[in-house]
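# Chains, contacts and geometry: an overview
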Amino acid sequence: MINYYYSCFNTTTLFRVYGSAAYKALGYALISTAIYLVFYYTGNHLDGNPYGIAGLKQYELLDHPYPVSVLIGALTVVLSAKVTFSYNRFWEACTALHNMHSKWLDVALTMAAFHMQSKSFEKTCPPSFGDHPNLNDNLVLHRDREQATEFAVKATFSTEDFSSEESTPTKTPNTFKKQEGGKQSKTKATISIHAAPPPRGLYPILEYKARKDRHNASSANGTSNTTVKSSSNKMSMGMAKNPVPTLFLQELAHLTSLLSAVALSTLRCSNSSDAIAPLVEFEPGQHWPHYNSDNDPDMQKYGYKPDRFGRTVKYLFDISRTKSERDKYNAARPFPVIGGISDREAYLLQSARGGAAKCSLVFLWLQEFLIREHVHGSIAPVAPPIFSRIPQYLSDGHLWYNAARKMAYIPFPFPHTQMATLFVAVIVIVMPTLMLSKTAVWFGLFLNFLCVMLFAGLNELSKELEYPFRGMPNDLPLNLFQAHFNEALLTIFGGYHPDSWWEIKGDA
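All residue numbers here refer to positions counted from 1 along the written sequence of the relevant chain. For a predicted model such as this one, the threshold for reporting local features is a pLDDT of at least 70, and the threshold for listing and counting side-chain atom pairs is 80 or more; totals across whole chains, interfaces and linings nevertheless cover every residue. Side-chain calculation: all heavy atoms of the structure are included, whereas hydrogens and water are not.

## Description of the overall build of the protein
Of regular secondary structure, the protein possesses 17 helices and five strands. Residues counted as buried form 40% of the 508 residues belonging to the protein. The contact criterion used throughout is that any non-hydrogen atoms of two residues lie within 4.5 Å. Sequence separation of at least 24 residues holds for 84% of the intrachain contacts in the protein that already meet a minimum separation of 6. Computed with a 1.4 Å probe, the accessible areas rest on the Shrake-Rupley method; for each residue, only the protein chains presented here act as cover. Surface summary for the protein: the accessible area is close to 28,300 Å², and the carbon and sulfur share equals 61%. Strands here mean DSSP runs of E at least two residues long; helices mean DSSP runs of H or I at least four residues long; both are numbered from the N terminus. Whether a residue is buried, partly exposed or exposed follows from its accessible area with a 1.4 Å probe, protein chains only, as a fraction of its type maximum: under 20%, in between, or over 50%, in that order.

Right under this line is the structure:
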């Protein structure tokens, strides 16, 4: 997919050739212009008619523009329907993928939340308000959260920006105490969560150790009082006991990521049963894949060398890439999987024939894993009607995957495509007769060029949108979708909310 930005008079979009339907339509317009000039000079040579085709007025071939207008109106209806349905296919494919990822991410997040309420976390989980019902008897209690009170994060920063004492945030503990007087007045910190990443990145697997290290450093400096220190020690003990995510969470993230990667790879390679769509191990924190894969520098490390001039020429003349070229192109765009893919997984996936079979196999692995872990106590003993939503969410995601397969495996209807292509060719020939009969010569030349380019451009536009998963370069950025999905999956390693540990302070 081409990511573009508006500029002064939209010059950045006007002069882009690769991926443009307008420049592909130039060929039709130039051919029609050549026909226009042939008709004009042939007419001048035969009967001295300076305005049109030889004998046009004598035989009254086109005494009025209405006949051509009927043809143009019919072609407009055909092209409008084709463009509308092509755009609907493109947008419906994008919607299906986002809904698919939404449902499968719901499964992972919900199972992670259930898992953190299991018996494995009884000694490390945060306190619950339900275990202290007496707190609700005092209606004047308020909670002090640990937060920065005299500090605002800059839009962009480096480690040097936080070196001075003035920029050091002051912390208030997570406590409950009686509120004295009216509402509590507190300086609010203005913190942007999108400004810039931390110096090394917030990678959830490493964050457990980072939290423990930060707590140990603050305790050594004596910045915490006794009450809060006791509360934080519980959290620190829990993190030290589980320095990395549990095996359940790791397997859950791997199978969910694998399911998404296999689904997207089968959508991309829907036109060939032996096409190449490799999988690779996901590395957190890498830069996002480019919207347009041709501009992604990571493709070169897989041996792909883009020929910018050659690809543009092939694109303008509608020359399809050979199977070898497509395989090299797809091999340089592997789908990342959290935890990688084992040899046994690869063997079984290769044994499954067809995209539906491959995706169904991973779907089975994930669903069996969730049910097995539920039966054997890896999650909290939730009620069966609540747990039944998990298979339902998983099934909903599979439903949206099959909705996307509709656009990947079923081409635009051939009769409609043939009719639109045929009458675009007819307009290329007929349009000059209309312009030569009813307009001045050179203005007619210019108008003929624009009209033919418009009709041909609409047809080329619909062709660019018909195949949203493999219509390069206007295909959907599947690698970017997979990277976003993987990063979202890593949040299940983030543990409990950082302010979940609290203590009752004072005479509350």
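## Focus on the pattern of salt bridges
Salt bridge criterion: a side-chain nitrogen from Lys or Arg within 4 Å of a carboxyl oxygen from Asp or Glu. On inspection of all chains with the given rule, the structure shows twelve salt bridges. For lysine 24, the salt bridge is made with glutamate 464, and the minimal N-O distance between the two is 3.3 Å. A residue pair is termed long-range when its members are at least 10 positions apart, and lysine 24 in helix 2 (residues 21–24) and glutamate 464 in helix 16 (residues 441–466) qualify at 440 residues. Like glutamate 464, lysine 24 is buried.

## Digging into unusual backbone geometry
For aspartate 318, which is not glycine, the phi torsion reads 55 degrees and is therefore positive. Mapped onto the elements, aspartate 318 comes out in the loop between helix 9 (308–316) and helix 10 (323–331). A relative accessible area of 39% means that aspartate 318 is categorised as partly exposed.

## Comments concerning the environment of alanine 346
With respect to the helices and strands, the residue alanine 346 is situated in helix 11 (residues 343–351). The partly exposed category is assigned to alanine 346, whose relative accessible area is 21%. Through-space distance from the C-alpha of alanine 346 to that of proline 278 is 10.0 Å; in sequence the pair is 68 residues apart.

## Overview of the packing of aromatic side chains
Two aromatic rings from Phe, Tyr or Trp, using only the six-membered ring of Trp, form a pair when their centres are within 6.5 Å; if the ring planes differ by under 30 degrees the pair is stacked, by over 60 it is edge-to-face, and anything between is tilted. Taken as a whole and judged by the stated rule, the model has seven aromatic pairs. Summarising the aromatic geometry, the rings of tyrosine 87 and tryptophan 91 are spaced 6.5 Å apart at their centres and angled 5 degrees between planes, so their arrangement reads as stacked. With tyrosine 87 and tryptophan 91 both in helix 5 (residues 66–115) and four residues apart, this pair spans about one turn of that helix. Joined through ring pairs, the aromatic side chains of Tyr40, Tyr41 and Trp442 make up one cluster. Counted as over-ring charges are cases with an Arg CZ or a Lys NZ within 6 Å of the ring centre that also lie within 35 degrees of the ring normal. Sitting over the ring of tyrosine 315, lysine 24 keeps its end group 4.7 Å from the ring centre. It is arginine 405 that lies over the ring of tyrosine 409; its NZ or CZ is 4.3 Å from the centre.

## Some words on the environment of arginine 89
Its location among the elements puts arginine 89 in helix 5. Given the relative accessible area of 12%, arginine 89 is considered buried. Beyond its immediate chain neighbours, meaning those up to four positions away, arginine 89 contacts Met407, Ile410, Pro411, Phe412, Glu466, Tyr467 and Pro468. A polar contact is formed between the side chain of arginine 89 and the backbone oxygen of glutamate 466, at a distance of 2.9 Å. Within 3.5 Å is the distance limit for a polar contact, defined as a pair of N or O atoms, with the added protein rule that one can donate a hydrogen and the other accept it, and that residues adjacent in sequence qualify only through two side-chain atoms.

## Some points on the nonpolar core
Proteins that are soluble and globular tend to have nonpolar side chains buried together. Grouped together as the largest cluster of nonpolar side chains are 58 residues, with contacts concentrated most on Leu97, Met111, Leu252, Leu370, Phe469 and Leu476. Listed by contribution, the elements that provide at least two residues to this core are helix 5, helix 8 (247–268), strand 4 (335–337), helix 12 (355–375), helix 14 (389–409) and helix 17 (478–489). Considering each element in turn, this core owes the most residues, 13 residues, to helix 5. Apart from residues no more than four positions distant in its own chain, leucine 97 is found in contact with Leu264, Leu267, Ala404, Phe469, Leu476, Leu478 and Phe481. Buried residues of nine kinds, namely Ala, Val, Leu, Ile, Met, Phe, Trp, Tyr and Cys, make up a nonpolar core once their side-chain atoms join them within 4.5 Å. Core analysis: the second largest hydrophobic core is formed by 21 residues, Val68, Val428, Met431 and Leu434 among them.

## Things to note about the confidence of the model for the protein
Along the chain, pLDDT gives the predictor's confidence residue by residue, from 0 to 100. Here the protein shows a mean pLDDT of 77. Residues at 70 or above account for 72%. When mean pLDDT is compared element by element in the protein, helix 12 scores highest at 95, while helix 7 (residues 226–241) scores lowest at 36. Across residues 51–60, confidence stays below pLDDT 50; counting only partners more than four residues off in sequence or on other chains, it has 18 contacts.

## Quick look at the packing of helix 5 against helix 14
Geometrically, a packed helix pair is captured by the angle between its two axes and the distance between the axes. In this analysis an axis means a line fitted to C-alpha atoms, helices contributing only their contacting stretch, and an angle means the value between N-to-C directions, from 0 to 180 degrees. Taken N-terminus to C-terminus, the directions of helix 5 and helix 14 make an angle of 160 degrees; their axes are 8 Å apart at the nearest point. One finds that helix 5 runs roughly antiparallel with respect to helix 14. Like other packed secondary-structure pairs, helix 5 and helix 14 cross with a definite hand, here left-handed. Three classes are used, and their members are as follows: Ala, Val, Leu, Ile, Met, Phe, Trp, Tyr, Cys and Pro are nonpolar, Asp, Glu, Lys and Arg are charged, and the others, Gly among them, are polar. Looking at side-chain class alone, the contact of helix 5 with helix 14 contains 16 nonpolar, four polar and six charged residues. Throughout, the term roughly parallel applies to angles under 35 degrees, roughly antiparallel to angles over 145, roughly perpendicular to angles from 65 to 115, and oblique to all others. If you view the pair so one helix is near and one far, a crossing is left-handed when the near helix is turned anticlockwise from the far one by less than a right angle, and right-handed when it is turned clockwise.

## Points about the packing of helix 8 against helix 12
Put simply, helix 8 and helix 12 touch, their axes get as near as 9 Å, and they point 165 degrees apart. The angle between helix 8 and helix 12 places the two elements in the roughly antiparallel class. As helix 8 runs across helix 12, the sense of the crossing is left-handed. Facing Phe248, Glu251, Leu252, Leu255, Thr256, Leu258, Leu259, Val262, Ala263 and Thr266 of helix 8, the residues of helix 12 in contact are Gly355, Lys358, Cys359, Val362, Phe363, Trp365, Leu366, Phe369, Leu370 and Glu373. Taken together, the residues of the contact of helix 8 with helix 12 break down into 14 nonpolar, three polar and three charged.

## Quick notes on helix 9
For an α-helix the count is 3.6 residues per turn, leaving residues at separations of three or four pointing the same way. Inspection of helix 9 places Gly310, Arg311, Thr312 and Tyr315 among the buried residues, and these make up the whole buried set. Aspartate 318 lies just past helix 9 and shows a positive phi near 55 degrees.

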